[in-house]
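Listed below, chain by chain, are the residues.
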Amino acid sequence: MPEPARTYLLLGGDGRPYASPVPGAFGGHRSGRRYGRLDCRAALQALARGGYARHRVFFADEATAIAAGYRPCAVCLPREYALWKQGQPVRATGGNRKRPRP
């Protein structure tokens, strides 16, 4: 018997959850209204301490997170966060890209 297709719960640009056959590319914190990369050091540390997982949300892409009213993470998306902090519009930049090493 074939396994049922897995679905993932993501938030849309309107802030409402929906089922998706594809996992989210960005994670967020519901009460903090911030989003970031799935490999974010700060988010992974918070998850390891416990309690964070129940507030975790996922987005298909960065543009959806912005449309839902979430702000960029200062740790894993510092350029995007700096723009947000200055009051400039944050544009989806594909924050999953690898950062060049100094």
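Fair warning: this is a prediction, and the values are worked out from it, not measured in the lab. (Residues numbered from 1 in each chain as written. Predicted model: local features only at pLDDT ≥ 70, side-chain atom pairs only at ≥ 80, totals over all residues. Heavy atoms only, no water.)

**Some words on the confidence of the model for the chain**
Put simply, the rule is: Confidence scores labelled pLDDT are given residue by residue by the predictor and lie between 0 and 100. By definition in these notes, contact holds between two residues if any of their heavy atoms fall within 4.5 Å.
Looking at the chain as a whole, the pLDDT averages 86, with 85% of positions reaching at least 70. Overall, residues 96–102 carries pLDDT values under 50, and its contacts beyond four positions in sequence, including any with other chains, amount to 13 contacts.

**What to know about the pairing of strand 2 (residues 17–20)**
Within a regular beta strand, the side chains point alternately toward one face of the sheet and then the other, so they alternate between its two faces. To keep things clear, this is the line we draw: Strands are treated as partners if at least two bridges between them are detected by DSSP. Here a strand is any run of E in DSSP of at least two residues, a helix any run of H or I of at least four, and the numbering for each starts at the N terminus.
Of the pairings in the sheet, the one linking strand 1 (residues 8–11) to strand 2 comprises four bridges and is antiparallel in character. By the bridge assignment for strand 2, L9 is matched with A19.

**A few points about the pattern of salt bridges**
Where charged atoms from two side chains of opposite charge come close, those side chains can pair. Going by this rule: Criterion for a salt bridge: a side-chain nitrogen of Lys or Arg within 4 Å of a carboxyl oxygen of Asp or Glu. The cut-offs for exposure are 20% and 50% of the maximum accessible area for each residue type, with area from a 1.4 Å probe on protein chains only; residues under the lower value are buried, those over the upper are exposed, and the others partly exposed.
Inspection of the entire model under this criterion finds one salt bridge. Among the ionic pairs, D39 bridges to R37, the shortest N-O distance being 3.0 Å. On the basis of relative accessibility, which here comes to 42%, the residue D39 falls in the partly exposed class.

**Examining the nonpolar core**
Inclusion rule: Here, nonpolar core refers to any group of buried Ala, Val, Leu, Ile, Met, Phe, Trp, Tyr and Cys residues whose side-chain atoms link them within 4.5 Å.
One finds L11, Y35, C40, V57, F59, Y70 and C76 to be the most contacted residues of the largest nonpolar core, which totals 16 residues. Mapped by element, the contributors of at least two residues to this core are helix 1 (41–49) and strand 5 (56–59). Discounting residues that sit within four places of it in the chain, F59 has contacts with L10, L11, G24, A25, F26, G28, Y35, T64, A65, A68 and Y70.

**Some remarks on the sheet that holds strand 4 (residues 34–37)**
Overall, mixed pairing links the four strands, which are arranged 5-3-4-6 in an open sheet. Every interior strand has two partners, whereas the edge strands, strand 5 and strand 6 (71–72), have only one. Pairing geometry for strand 3 (residues 26–29) and strand 5, over four bridges, is antiparallel. Bridging from a neighbouring strand, F26 pairs with F59 of strand 5.

**With respect to the side chain of S20**
Operational definition: We call two N or O atoms a polar contact when they sit within 3.5 Å, provided that within protein one can donate a hydrogen and the other can accept it, with sequence-adjacent residues counted only if both atoms are side-chain atoms.
Within the element layout of this structure, S20 appears in strand 2. One polar contact links the side chain of S20 to the main-chain carbonyl oxygen of V22, over a distance of 2.8 Å. Excluding residues that lie within four positions of it along the chain, S20 makes contacts with R6, T7, Y8 and L10.

**Notes on the environment of A5**
Mapped onto the elements, A5 comes out in the segment before strand 1. By relative accessible area, A5 is classed as exposed at 72%. Separated by 16 residues in sequence, A5 and P21 place their C-alpha atoms 7.5 Å apart.

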